[in-house]
Amino acid sequence: MTKDMTMGSPLRMILLFSVPVLLGNIFQQFYNMVDTIVVGQFLGKDALAGVGSTGAINFMIIGFCMGLANGFVIPVAQRYGAKDYKDMRRFVANSIWLTVFFAAIMSITVCILCRSVLIAMKTPADILDLAYDYIFIIFAGIPITLAYNLLTGIIRSLGDSKSPLIFLLMAAVANIGFDILSVTVLKLGVRGPAFATLLAQAFSVVLSLWCIKTKFPILKMEPGEWKLHGKHIGILCKMGIPMGLQYSITAIGSILLQSAVNSLGETYMAAVTAGSKVTQFLCCPFDAMGSTMATYCGQNVGAGRVDRIESGVKKCSMLGIAYAIIALIVIIPFGGEFSKLFIDGTQTEILDLAKQFLWLNVLFYIPLAFVNIIRFSIQGLGNSQLAVFAGVFEMIARGGVALGLVPAFGYVAVCLASPAAWVLADLFLFPAFFHSVKILKNRFPSS
């Protein structure tokens with residue numbers, strides 16, 4: 001079930017690994033999209049705006065969980081690449097203990113604070129309860145979210161990107177069914193899609209545990225490997241916490257931007273929600289490339305193959321540029337049609353605003369491709385601390401637009417906030433990547 005990415009054609013390895021990840025991302029976005037479609041079509045504009053207004057805080061907290069888990073599995077990939085399986089299992093065991101700790105602390109803390117944060121974000125009073133009902137359930141399920149991301153991350157770190165895809169497909173079907181059932185039959189309102197998301201993730205957790213136990217004998221713990229080790233805990237925290245903070249720091253800018261959008265009113269909030277859902281779907285290939293490069297670079301660092309790292313990043317970057325051009329060609333004529341998935345066709349003002357949001361974002365997809373590919377490559381190299389600064393630059397850009405430009409230029413500034421963040425992040429990421437590679441060449445001079 002494992003796949004060694006330290007040998008063979010880099011492009012072939014990247015494509016073989018990234019295609020299942022891409023399909024998984026698409027289906028994950030698809031069932032997330034179904035959440036929004038069900039809310040928008042069955043519960044109305046206020047419910048859609050309420051759920052949409054939680055996007056930034058959701059990204060800040062759940063993004064931290066994703067980053068934390070993704071960071072925890074980088075040492076696993078590195079030790080697998082080095083063929084040091086005993087140490088690899090120690091990292092797996094200690095990552096599980098750390099995940100339990102962070103899950104308990106985070107779920108309790110954010111559930112207590114989430115309503116106050118929504119109020120501080122200037123969430124309109126008439127949708128505040130809708131926003132709170134949705135996001136409270138999502139945050140209560142943080143232990144499930146962390147477990148899901150850690151277990152699927154461990155499986156991917158060993159080169160298997162197909163099993164998480166299969167689990168996701170099965171979970172997606174369950175999620176979609178419960179989405180519709182919870183809203184139309186059980187009348188749970190916005191709480192229904194939140195419960196559906198957690199149930200789908202819990203299903204994937206069970207499947208991942210079964211897969212690890214039955215199909216990965218390399219992960220079977222030997223005596224003493226379940227013990228806490230200070231050295232391993234330190235390395236895992238050094239990798240995981242910066243990656244989690246990277247998402248959260250980036251999200252601070254998004255929260256400031258969401259607050260600015262909220263001040264424009266529910267029409268603009270609904271347009272941004274619809275546009276953002278379409279862009280999340282369009283960005284799936286970039287996310288897949290990023291996840292692939294984290295594992296690819298991690299394994300090759302463990303094997304000391306710096307030449308393969310440089311070759312792989314170049315080839316993946318060309319794939320990213322090609323997709324960015326294709327996305328632009330597709331979205332210009334069909335952006336408005338995609339938005340109709342979330343907005344009733346009679347609400348022409350919201351549809352036009354959503355289409356504008358899409359056009360201005362897709363124009364900058366090449367910088368976004370580099371953000372994902374280069375940032376995750378740096379993380380796979382073990383320099384998570386450097387990647388944090390990319391999040392700082394994104395935060396500065398979005399925060400600056402929210403505080404300085406939205407009051408002056410309104411909705412157009414909102415549409416250009418993310419493109420500004422991507423460009424500014426790239427200005428840091430490229431030098432950081434070349435610096436990281438230079439260090440590795442000194443460490444492995446014969447590679």
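Procedures and definitions
Numbering of residues starts from 1 in each chain and follows the order in which that chain's sequence is written. Whole-chain, interface and lining totals are the exception, using all residues; otherwise, since this is a predicted model, local features are given only for residues with pLDDT of at least 70 and side-chain atom pairs are given and counted only at 80 or more. Only hydrogens and water are set aside; all other atoms, that is, all heavy atoms of the structure, feed into the side-chain values. A run of H or I in DSSP becomes a helix once it reaches four residues, and a run of E becomes a strand once it reaches two; helices and strands are each numbered from the N terminus. Here the radius of gyration uses the C-alpha set of atoms, whereas the globule reference equals 2.2 Å times the residue count to the power 0.38. Exposed residues in this analysis have more than 50% of their type's maximum accessible area, buried residues have under 20%, and partly exposed residues fall in between, with area computed by a 1.4 Å probe over protein chains only. The criterion used for residue contact is that any of the two residues' heavy atoms lie within 4.5 Å. Computed with a 1.4 Å probe, the accessible areas rest on the Shrake-Rupley method; for each residue, only the protein chains presented here act as cover. The charge count includes Lys and Arg as positive and Asp and Glu as negative, but it does not include His or the ends of the chains. For the purpose of locating charges, the reference atoms are NZ of Lys, CZ of Arg, CG of Asp and CD of Glu. Residue count minus one, scaled by 1.5 Å, sets the expected span of a helix. Grouping into patches uses exposed residues only, defined as over 30% relative accessible area, and leaves out salt-bridged ones; the cut-off is 9 Å for like charges and 5 Å for nonpolar side chains (Val, Leu, Ile, Met, Phe, Trp, Tyr). Here, a salt bridge means any side-chain nitrogen of Lys or Arg that lies within 4 Å of a carboxyl oxygen of Asp or Glu. Between 30 and 60 degrees the pair is tilted, below 30 it is stacked and above 60 it is edge-to-face, where a pair is any two Phe, Tyr or Trp rings, Trp via its six-membered ring, whose centres lie within 6.5 Å. Whether a charge lies above a ring is judged from NZ of Lys or CZ of Arg, which has to be within 6 Å of the ring centre and within 35 degrees of the ring normal. Here, nonpolar core means buried Ala, Val, Leu, Ile, Met, Phe, Trp, Tyr and Cys residues that are tied together by side-chain atoms lying within 4.5 Å of each other. The angle between two axes is taken between their N-to-C directions and runs from 0 to 180 degrees, where each axis is a line fitted to C-alpha atoms and a helix contributes only its stretch in contact. Here roughly perpendicular refers to angles of 65 to 115 degrees, roughly parallel to angles under 35, roughly antiparallel to angles over 145, and oblique to all remaining angles. Note on convention: near helix rotated counterclockwise from far helix by under a right angle means a left-handed crossing. Clockwise means right-handed. Throughout, the ten residues Ala, Val, Leu, Ile, Met, Phe, Trp, Tyr, Cys and Pro are labelled nonpolar, Asp, Glu, Lys and Arg are labelled charged, and all others, Gly among them, are labelled polar.

(A) Spatial organisation of the overall build of the protein. Of regular secondary structure, the protein possesses 17 helices and zero strands. Relative to a compact globule of 447 residues, whose C-alpha radius of gyration would be 22 Å, the protein shows 21 Å and is just as compact. For the protein, the spread of C-alpha atoms along the principal axes amounts to about 60 × 45 × 35 Å. Here the protein, with 447 residues, has 58% of them falling under the buried criterion. Long-range contacts, defined here as pairs at least 24 residues apart, represent 85% of the contacts in the protein between residues at least 6 apart. Working note: accessible area of the protein is about 17,500 Å², and carbon and sulfur atoms make up 70% of it. In the protein, 32 side chains carry a positive charge and 22 a negative one; their mean positions are 12 Å apart.

(B) Focus on helix H11 (residues 266-282). Its 17 residues place the ends of H11 24 Å apart at the C-alpha level, agreeing with the 24 Å of an ideal helix rising 1.5 Å per residue. Summarising burial for H11: twelve of the 17 residues are buried, a large majority. Among all positions of H11, only Glu 266, Met 269, Ala 270, Ala 271, Val 272, Thr 273, Ala 274, Gly 275, Lys 277, Val 278, Thr 279 and Leu 282 are buried.

(C) Layout of the environment of Gly 404. Relative to the helices and strands, Gly 404 is located in helix H16 (residues 384-409). For the pair Gly 404 and Gly 290, spaced 114 residues apart in sequence, the C-alpha to C-alpha distance is 31 Å.

(D) Spotlight on the environment of Leu 328. Along the chain, the position of Leu 328 falls in helix H13 (residues 306-339). Remark: the alpha-carbon pair of Leu 328 and Ala 413, spanning 85 residues in sequence, is separated by 20 Å. The contacts of Leu 328, once residues within four sequence positions are left out, are Val 362 and Leu 363.

(E) Geometry of helix H7 (residues 142-157). End to end, H7 covers 22 Å across 16 residues, agreeing with the expected 22 Å (1.5 Å per residue, within 8%). Just beyond H7, the residue with positive phi is Gly 159, at close to 95°.

(F) Seen up close, a nonpolar patch on the surface. A surface patch of nonpolar side chains, amounting to about 380 Å² of accessible area, comprises Val 19, Leu 23, Phe 27, Phe 30 and Leu 169. Sorting elements by how many residues they give to the nonpolar patch places helix H1 (residues 10-43) first, with four residues. Relative to the assigned elements, Val 19 resides in helix H1. Given a relative accessible area of 41%, Val 19 falls into the partly exposed group.

(G) Molecular detail of the packing of aromatic side chains. Within this structure, the stated rule accounts for 14 aromatic pairs. Centre to centre, the rings of Phe 393 and Phe 428 are 5.6 Å apart; their planes meet at 25°, and the pair counts as stacked. Placement of Phe 393 in helix H16 and of Phe 428 in helix H17 (residues 411-443) is noted, with a sequence separation of 35 residues between them. Looking at Phe 428, the relative accessible area reads 19%, which means it is buried. One aromatic cluster is present, formed by Phe 64, Phe 72, Phe 101 and Phe 102 through successive ring pairs. Residue placement shows Arg 115 over the ring face of Tyr 132; its charged tip is 4.9 Å from the ring centre.

(H) Seen up close, the nonpolar core. Formed by 84 residues in total, the largest nonpolar core has its most connected members in Phe 139, Ile 142, Leu 158, Leu 219 and Tyr 411. Broken down by element, the residue count for this core peaks at eleven residues, all from helix H5 (residues 85-120). Filtering out sequence-adjacent residues up to four positions away, Ile 142 remains in contact with Ile 61, Ile 62, Cys 65, Ala 103, Met 106, Ser 107 and Val 110. Grouped together as the second largest cluster of nonpolar side chains are 43 residues, Leu 282, Met 293, Ala 369 and Ile 373 included.

(I) Examining the environment of Ile 235 more closely. Counting through the fold element by element, Ile 235 comes out in helix H10 (residues 230-264). Taking the relative accessible area as the measure of exposure, Ile 235 reaches 28% and is therefore partly exposed. Expressed as a C-alpha distance, the spacing of Ile 235 and Phe 91, which sit 144 residues apart in the sequence, is 8.9 Å. With sequence-adjacent residues up to four places away left out, Ile 235 is seen in contact with Pro 75 and Phe 91.

(J) Main features of the packing of helix H3 (residues 55-72) against H10. Relative orientation of the contacting elements H3 and H10 amounts to 165°, with a least axis distance of 7 Å. Between H3 and H10, the angle falls in the class roughly antiparallel. Our pair here, H3 against H10, has a crossing hand that is right-handed. Among the residues making up the contact of H3 with H10, the classes are represented as 17 nonpolar, ten polar and no charged.

(K) Representation of the packing of H5 against helix H6 (residues 125-140) in the model. Closest axis-to-axis distance for the H5/H6 pair is 9 Å, and the angle between their directions is 160°. As summarised for this structure, H5 and H6 are arranged roughly antiparallel, according to the angle between their axes. Here H5 and H6 pass one another in a crossing that is right-handed. Across from Ser 107, Val 110, Cys 111, Cys 114, Arg 115, Leu 118 and Ile 119 in H5, the residues of H6 making contact are Leu 128, Asp 129, Ala 131, Tyr 132, Ile 135, Phe 136, Phe 139 and Ala 140. In the contact of H5 with H6, the residues fall into twelve nonpolar, one polar and two charged.

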